[in-house]
Amino acid sequence: MAIRIVRLGTPRHAGEGLRIGTVRRPPRGVPKTDYAARNYYDVWLPELSPTAPLVSWALSKPFTPARWALYARRYRRQMREPAAERQLALLAALSARTDFSVGCESLEKKHCHRSLLRELLIQRGAKVV
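Residues numbered from 1 in each chain as written. Predicted model: local features only at pLDDT ≥ 70, side-chain atom pairs only at ≥ 80, totals over all residues. Heavy atoms only, no water.

### Details of helix α4 (residues 113-123)
And then number 1: For α4, every residue scored as buried is listed here: His113, Arg114, Ser115, Leu116, Leu117, Leu120 and Leu121.
And then number 2: Considering only its buried residues, α4 is in contact with β1 (3-7), α2 (65-78), α3 (82-94) and β4 (100-104).
And then number 3: Once α4 finishes, Gly125 follows within two positions and takes phi at roughly 90°, a positive value. (Buried < 20%, exposed > 50% of the residue type's maximum accessible area, 1.4 Å probe, protein only. Helix = DSSP H or I, 4+ residues; strand = E, 2+ residues; numbered from the N terminus. Contact = heavy atoms within 4.5 Å.)

In structure tokens:
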């Protein structure tokens with residue numbers, strides 16, 4: 001059993017299981033009833049996404065190594081909030097019992113919170129593909 005880190009809206013992998021969206025806002029122009037059918041997500045956990053101000057800051061300029069490091073520190077700080085900590089612990093524990101996926105819509109895998117989320121889950125003992 002394991003967690004797969006994915007880009008939302010892409011075709012599902014065999015055995016991927018439940019898809020969890022960690023985006024601040026739902027996909028635009030997609031009816032709520034179509035989120036799963038269009039491979040966005042089955043369950044939405046916006047508490048694991050960066051806050052709107054952090055997203056705005058991140059999108060305001062291209063990432064440099066120093067800027068990415070600052071973004072990563074800010075996102076990790078947000079994930080130390082009690083609600084986020086509880087959800088991370090839950091996902092880490094579930095990864096020992098079932099397959100599921102976690103993701104966001106960003107095209108840029110390297111400079112996306114899902115890469116940081118992957119690290120946070122591994123730190124909590126999650127099995128990640």
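### Remarks on the packing of α2 against α4
And then number 1: Between α2 and α4, whose axes approach to 11 Å, the crossing angle comes to 55°. Taken together, the axes of α2 and α4 lie oblique to each other. Once α2 is placed against α4, the crossing between them reads as right-handed. When α2 is examined against α4, the residues Trp68, Tyr71, Ala72, Tyr75 and Arg76 are found in contact with a partner set consisting of His113, Ser115, Leu116, Leu117, Glu119 and Leu120.
And then number 2: Among the residues forming the contact of α2 with α4, the class breakdown is 7 nonpolar, 2 polar and 2 charged. (Axes fitted to C-alpha atoms, helices over the stretch in contact; angles between N-to-C directions. Parallel < 35°, antiparallel > 145°, perpendicular 65-115°, else oblique. Left-handed = near helix turned anticlockwise from the far one by under 90°. Nonpolar A, V, L, I, M, F, W, Y, C, P; charged D, E, K, R; others polar.)

### Looking at the sheet that holds strand β3 (residues 43-44)
And then number 1: The strand order across the open sheet formed by 4 strands is β1-β4-β2-β3, and the pairing between neighbours is parallel. Strand pairing shows two members of the sheet lacking a second neighbour, β1 and β3, which therefore form its edges.
And then number 2: Here strand β2 (residues 18-21) runs beside β3; their pairing, made up of 2 bridges, is parallel. Of the residues in β3, the one forming a bridge with Ile20 is Val43.
And then number 3: Helix-sheet contacts for α4 involve β1 and β4, and the interaxial angle to β1 is about 175°. (Pairing = 2+ DSSP bridges.)

### Considering the side chain of Glu16
And then number 1: When you line up the elements, Glu16 lands in the loop between β1 and β2.
And then number 2: With a relative accessible area of 3%, Glu16 lands in the buried category.
And then number 3: Here Arg19 takes part through its side chain, which lies 2.6 Å from a polar atom of the side chain of Glu16. (Polar contact = N/O pair within 3.5 Å; in protein donor to acceptor, adjacent residues only side chain to side chain.)

### Section: α2
And then number 1: For α2, which comprises 14 residues, the first-to-last C-alpha distance of 20 Å matches the rise-based estimate of 20 Å (1.5 Å per residue) to within 8%.
And then number 2: Taken together, the buried positions of α2 are occupied by Arg67, Trp68, Tyr71, Ala72, Tyr75 and Gln78. When α2 is viewed along its axis, its buried side chains cluster within an angular range of 140° and face the same direction. Turned more than 90 degrees away from the buried face of α2 sit Pro65 and Ala66, all of them exposed.
And then number 3: Taken together, the buried residues of α2 touch α1 (52-59), α3 and α4. (Expected span 1.5 Å × (residues − 1). Arc of directions from axis to C-beta.)

Read these as layout, nothing more, since geometry by itself doesn't imply function.
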